[in-house]
Amino acid sequence: MSWKGFTKAVSRLPAMISKSAGGQGSKDEEYLQLEDQFKHIEKFGKKLAADSKAFKDGLSKMLEKQTSLAKTFTTIYLPLTDNDEAAFELQSNTPQTDFLKAMTTATITLENDLEQIERLVVAPTLEFIGILEKINKMMVKRSHKLLDYDRHGETVHKLREKVRTAAEEKKLAQAEVDFDQASRIFNAINIQLKQDLSVFLSLRKDFIEPCLLTFYNYQVRVYQTLYTIFYEIGNAKFNLNTSALDGFKDCQDETDRLFNQLTITKPMVYKASMGESPPAYDVGGTANPAPLTFARPSAELGRASTEKPRPLPTEPSSSSYQPRVDMVLALYDFEAQAPGDLSFKRDDKIIVLERKADANDWWIGRIGDREGQFPGNYVVDL
């Protein structure tokens, strides 16, 4: 800031403080209305510039990800060995290779067309922001000239209201000259700015429409290109006369049959030994370390180390004899993984209906009115 500008800022400071404190200043209602409209346009103009660039970058990223996805599908179908005849046949009868080729071509085509978004939308919006900044500078200048107009007018008013000495008469004369000059400068800027703002606001439609048309045309091109790709592949490889839901239902029974043939999809039974905890079961049947910190001793070791030898059975009296219920205590939580499984929580008591010789096998039990199978190594005898 120059020295002249600094002195002007200092001279305007009292008027600025007075105005910010609620003091009365000159107001032009017509200008204030135009200023509000301009601020509205400025806000959304900047947002349009940011969104235009984000759209361009996002679309470029989408095309990149689609090509990457097509490469992943192709890799999944690659034969694992040179003798993997089934994979060779599967690879030749699936659309993943066609999809990769089509997406590669579409990406090259559409990314080249992205230059239109840069040239016809992003660049013009940045120029628009530049115009907004110039108008803002002029509006700041107007506010400064308005402060000069108000403070010189206030000085003239105070001097005219009092009984003046000869020295104060000279001050009044100078103050009137300063006020006249401030009035002419402010009015000139105020009138010019109101005219320019009116023209600028009226032209906003002429600026927005080309941007909107460019967005529309490019979006149509993107959708048409991708639709053509997917339709041609789908028409050749899939039945497009049925919905996705109906197609899923048609395949569901066969898929379930094949899925049930895989023993790996069932929860794996794990025989816990000293210092280990049984694994947690997920839907896929894979074993993950259970979040348990205690160890389950094996049934054989537990009996050898903690149980006393059972006495030989004696002939029970008819009045005291009751059949022994085979009951076990749950050491860990178990969540049913398939229909027919018996869920339970740690410390639940389970009546064993069918016990297998191997603790790593599935047993059948009952809790209350619920019956089902459960892993034998999740429990210990009571």
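For every chain, the first residue of the written sequence is number 1, and numbering continues from 1 onward in sequence order. In keeping with the predicted nature of the model, local features appear solely for residues at pLDDT of at least 70, side-chain atom pairs appear and are counted solely at 80 or more, and the whole-chain, interface and lining totals rest on all residues. To get the side-chain values, all heavy atoms of the structure are used, and hydrogens and water are removed first.

Counting its secondary structure elements, the protein contains eight helices and seven strands. Burial classes follow relative accessibility: with a 1.4 Å probe on protein chains only, a residue under 20% of its type's maximum area counts as buried, one over 50% as exposed, and anything between as partly exposed. When the 382 residues of the protein are sorted by exposure, 28% land in the buried category. In what follows, residue pairs with any heavy atoms lying within 4.5 Å of each other are defined as contacts. Long-range contacts, defined as pairs at least 24 residues apart, comprise 64% of the intrachain contacts of the protein with a sequence gap of at least 6. Secondary structure elements are taken from DSSP: a helix is a run of H or I of four residues or more, a strand is a run of E of two residues or more, and numbering for both begins at the N terminus.

With antiparallel pairing, the five strands of this open sheet are ordered in space as 6-5-4-3-7. If you trace the sheet from one side to the other, it starts and ends with strand 6 (370–375) and strand 7 (379–381), each paired once. This sheet shows a mean twist of 45° between the axes of neighbouring strands, independent of strand direction. For two strands to count as paired, DSSP must find a minimum of two bridges between them. When strand 5 (residues 362–367) meets strand 6, the two strands line up antiparallel, connected through six bridges. In the strand pairing of strand 6, Ile 367 is matched with Arg 370. Here the axes come from fitting lines to C-alpha atoms, over the contacting stretch only for helices, and the angles between their N-to-C directions go from 0 to 180 degrees.

If you look at the biggest cluster of nonpolar residues, it comprises 19 residues, and the most contacted ones within it are Ile 117, Tyr 218, Val 222 and Ile 229. Within the residue set of this core, elements represented by two or more residues are helix 2 (29–76), helix 4 (96–161) and helix 6 (204–237). The leading source of residues in this core is helix 4, at 10 residues. Those residues in contact with Tyr 218, other than ones at most four positions away along the chain, are Phe 55, Leu 59, Leu 110, Asp 113, Leu 114 and Ile 117. Each nonpolar core is a collection of buried residues, namely Ala, Val, Leu, Ile, Met, Phe, Trp, Tyr and Cys, held together in the definition by side-chain atoms within 4.5 Å.

Pairs were defined over the aromatic rings of Phe, Tyr and Trp, the Trp ring being its six-membered one, requiring ring centres within 6.5 Å. Orientation was assigned from the angle between planes: stacked under 30 degrees, edge-to-face over 60, tilted for the rest. Applying the stated criterion across every chain yields a total of 14 aromatic pairs. Considering the side-chain rings of Phe 38 and Phe 200, the 5.9 Å spacing of their centres and the 55° angle between planes classify their relative orientation as tilted. Of this pair, Phe 38 sits in helix 2 while Phe 200 is found in helix 5 (residues 166–202), placing the two residues 162 residues apart along the sequence. The two residues Phe 38 and Phe 200 agree in class, both being buried.

Okay, the pattern of salt bridges next. Salt bridge criterion: a side-chain nitrogen from Lys or Arg within 4 Å of a carboxyl oxygen from Asp or Glu. Scanning all chains against the criterion turns up 18 salt bridges. We note a salt bridge from Arg 257 to Glu 254, for which the minimum N-O separation is 2.6 Å. A residue pair is termed a helical-turn pair when its members lie 3 or 4 positions apart in one helix, as Arg 257 and Glu 254 do in helix 7 (residues 244–260) at three residues. Residue Arg 257 is classed as partly exposed on the basis of its relative accessible area of 42%. Residues joined by salt bridges that share partners form a network here, namely Asp 28, Glu 30 and Lys 194.

What follows deals with the packing of helix 2 against helix 4. One way to put it is that helix 2 packs onto helix 4 with a least axis distance of 9 Å and a crossing angle of 165°. In terms of orientation, helix 2 and helix 4 fall into the roughly antiparallel class. Between helix 2 and helix 4 lies a crossing of left-handed hand. Among the residues making up the contact of helix 2 with helix 4, the classes are represented as 23 nonpolar, 12 polar and 10 charged. Working rule for angles: under 35 degrees goes down as roughly parallel, over 145 as roughly antiparallel, 65 to 115 as roughly perpendicular, anything else as oblique. Note on convention: near helix rotated counterclockwise from far helix by under a right angle means a left-handed crossing. Clockwise means right-handed. Charged means Asp, Glu, Lys or Arg here, nonpolar means Ala, Val, Leu, Ile, Met, Phe, Trp, Tyr, Cys or Pro, and polar covers whatever is left, Gly included.

The grouping of Tyr 227, Tyr 231, Phe 238 and Leu 240 at the surface amounts to a nonpolar patch, some 460 Å² of accessible area in total. In this fold, Phe 238 is placed in the loop between helix 6 and helix 7. Only residues whose relative accessible area exceeds 30% and that form no salt bridge are eligible for patches; like-charged ones are grouped when within 9 Å, while nonpolar side chains (Val, Leu, Ile, Met, Phe, Trp, Tyr) are grouped when within 5 Å. Only the protein chains shown count as covering a residue, and every accessible area follows the Shrake-Rupley method with a 1.4 Å probe.

What you tend to see is this: most non-glycine residues have negative phi, and most peptide bonds are trans. Here the phi dihedral of Asp 347 falls at roughly 80°; this positive angle occurs in a residue that is not glycine. Positionally, Asp 347 belongs in the loop between strand 3 (327–330) and strand 4 (349–354).

It is worth spelling out the pairing of strand 3 at this point. Alternating positions in strand 3 separate cleanly, Val 328 and Ala 330 being buried on one face and Met 327 and Leu 329 remaining unburied on the opposite face. Sheet analysis places strand 3 next to strand 4, joined by three bridges and oriented antiparallel. Each residue of the ladder has a partner; that of Val 328, found in strand 4, is Ile 350. Bridging between strand 3 and strand 7 involves three bridges; their strand directions are antiparallel. Residue pairing across strands places Val 328 opposite Asp 381, the latter belonging to strand 7.

Tracing the backbone shows Thr 125 in helix 4. Under the relative-accessibility criterion, Thr 125 is labelled buried at 1%.

Packing of helix 4 against helix 5 leaves a shortest axis separation of 8 Å and a crossing angle of 150°. When the axis of helix 4 is compared with that of helix 5, the two are roughly antiparallel. Note that helix 4 runs across helix 5; the crossing there is left-handed. Tallied by class, residues from the contact of helix 4 with helix 5 come to 20 nonpolar, five polar and eight charged.

Its location among the elements puts His 152 in helix 4. Taking the relative accessible area as the measure of exposure, His 152 reaches 17% and is therefore buried. Separated by 31 residues in the primary sequence, His 152 and Ser 183 place their C-alpha atoms 9.0 Å from one another. Dropping the residues within four chain positions of it, His 152 is found in contact with Asp 178, Phe 179 and Ala 182.

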